[in-house]
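Observations on chain architecture
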Amino acid sequence: MFVRSPAPFAALLCLSLAALTLSGCGEKDKAEKKKTVDFLAKPEGIDFSQVPVQEVKAEAPAKPAVDTWSTRTKEQVKLAHDDLMKCRNDYMIPFQFNKMRRRDVEWVSLSDMDEFCMDGSPEKKTRGPWKTVRALAEEHLGRNPALDRFIVLATDQMEHYRVLSFMAKKIGAPDIDIVTETAQQSRDRVLFAGADLDRAAADIEKWPDELQPDDDPAVVGADVDVATFRQQLVDSYGFFLADLGGAYDRYANKSWLGYNMPKMESLRRWVAVPTKRIAKDRARLEKVKGLDGKQAAEFRAFFDATDKAMRQIEAGYDRYTKQSKDERGEKDPNRKAVETTQKAALKHLTGWGLKVEVAK
């Protein structure tokens, strides 16, 4: 009996199975290639119309700041006062004079100290208190008693600070003890004057926005009674006349000894305040109601005495601006005359109620 061999049949079966397998894989790949991803499709089950959105309300524009002499001046005073307070609190109070005496000032940044106490920073675009106070003096000296005190005391602080700063840069000098003592004396004056400076700044901060300067025509032309006029003179001149001799000593007579130096900007501004006010206040006499001849004569005598005292201070300028240290004698020949004229002007104010407290 004839028997067919199974080999050809097995081979044919394998080929058929392979063809079916390849055909299936190809169709699967084509199906996968046809699938695309829609990245912009919305996730199923989320209705974006129901997502809460917070309503943003348009804010009403801020009301413009009141632009008056008072508000502009207060802004400048605060700018200078903030730096002067930082100078005292961060540098003057903690200044380490014992280290300075050992010729060590590496614990403090002198450039940062100068920035807040005097010069500002061009890199940080800060003006510095010296320029701000100078602008206030040029534009507003003699226009308000509190502002007058602030300007002069700020100048006082900065000129005494300048001495300390200079001494801190002289630690290589052989007589380091004198250098350190000069620096410490200047620091002490900065702190002492700072109390009055802060009080003046606090008074200015309380100004109403509509406050007018004392030389405004409406203020100069306003009627005033005798008692009020006297009090205004006490408030305007008292601070400067009560300490006129002390100011002359601090800024001129005694300030040049040793490594110290005259502080003529402070002295000139101290004199400029009463000088600017005298002409204005003389004219105001016509507006004083109920003024009799005796009272008018007393007011004029006060103005004359005050003017004489200011001119006497000015008589000493050349000694400290045009003469060298070697040309000056230790005794200032002008000092006695300053004291005499000061007393003559001050007796009027004390008679009107001024209580004299002479500053150091």
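In this text, all values refer to a predicted model and were calculated from it rather than measured experimentally. (Residues numbered from 1 in each chain as written. Predicted model: local features only at pLDDT ≥ 70, side-chain atom pairs only at ≥ 80, totals over all residues. Heavy atoms only, no water.)

**As for the overall build of the protein chain**
A count of helices and strands for the protein chain gives 14 helices and 2 strands. When burial is assessed residue by residue, the protein chain has 43% of its 360 residues classed as buried. The contacts of the protein chain with a sequence gap of at least 6 include a subset with a gap of at least 24, amounting to 78%. (Helix = DSSP H or I, 4+ residues; strand = E, 2+ residues; numbered from the N terminus. Buried < 20%, exposed > 50% of the residue type's maximum accessible area, 1.4 Å probe, protein only. Contact = heavy atoms within 4.5 Å.)

**Considering the side chain of R319**
Position of R319 relative to the elements: it lies in helix α13 (residues 317-321). Owing to a relative accessible area of 11%, R319 belongs among the buried residues under this scheme. In terms of polar contacts, R319 uses its side chain to reach the backbone carbonyl oxygen of G329, at 2.4 Å. Non-local contacts of R319, meaning those with residues more than four positions away in its chain, are made with W256, R328, G329, E330, K331, D332 and P333. (Polar contact = N/O pair within 3.5 Å; in protein donor to acceptor, adjacent residues only side chain to side chain.)

**Here we look at unusual backbone geometry**
Note on backbone geometry: most residues besides glycine have negative phi, and most peptide bonds are trans. Notably, R103 is not glycine yet its phi reads approximately 65°, a positive angle. Along the chain, R103 turns up in the loop between α3 (97-101) and α4 (110-119). With a phi close to 60°, K125 is a non-glycine residue in the positive phi region. Note that K125 resides in the loop between α4 and α5 (129-140). Classification of K125 by relative accessible area gives exposed; the value is 77%.

**A short note on the state of the cysteines**
This structure, assessed with the given rule, holds 1 disulfide. C87 shares a disulfide with C117; S-S distance 1.9 Å. Measuring the twist about the S-S bond at about 100°, one finds the C87-C117 disulfide to be right-handed. Of this pair, C87 sits in helix α2 (residues 69-92) while C117 sits in helix α4, and the two are 30 residues apart along the sequence. For C87, a relative accessible area of 1% translates into the label buried. (Disulfide = S-S within 2.5 Å.)

**Description of the nonpolar core**
Core analysis: the biggest nonpolar cluster contains 85 residues, and M100, M113, F150, L241, F303 and L349 have the highest contact counts within it. Ranked by the residues each element gives to this core, the list is headed by helix α6 (residues 145-168), at 13 residues. Sequence-distant contacts of L349, that is, excluding residues within four places in its chain, are made with L233, V234, Y237, G238, L241, F302 and L354. (Core = buried A, V, L, I, M, F, W, Y, C linked by side-chain atoms within 4.5 Å.)

**Here we look at α4**
In terms of burial, α4 is largely enclosed, as 7 of its 10 residues are buried. Residues L110, M113, D114, E115, F116, C117 and M118 constitute the buried set of α4. Taken from the residues just after α4, G120 is the one with a positive phi, measuring 75°.

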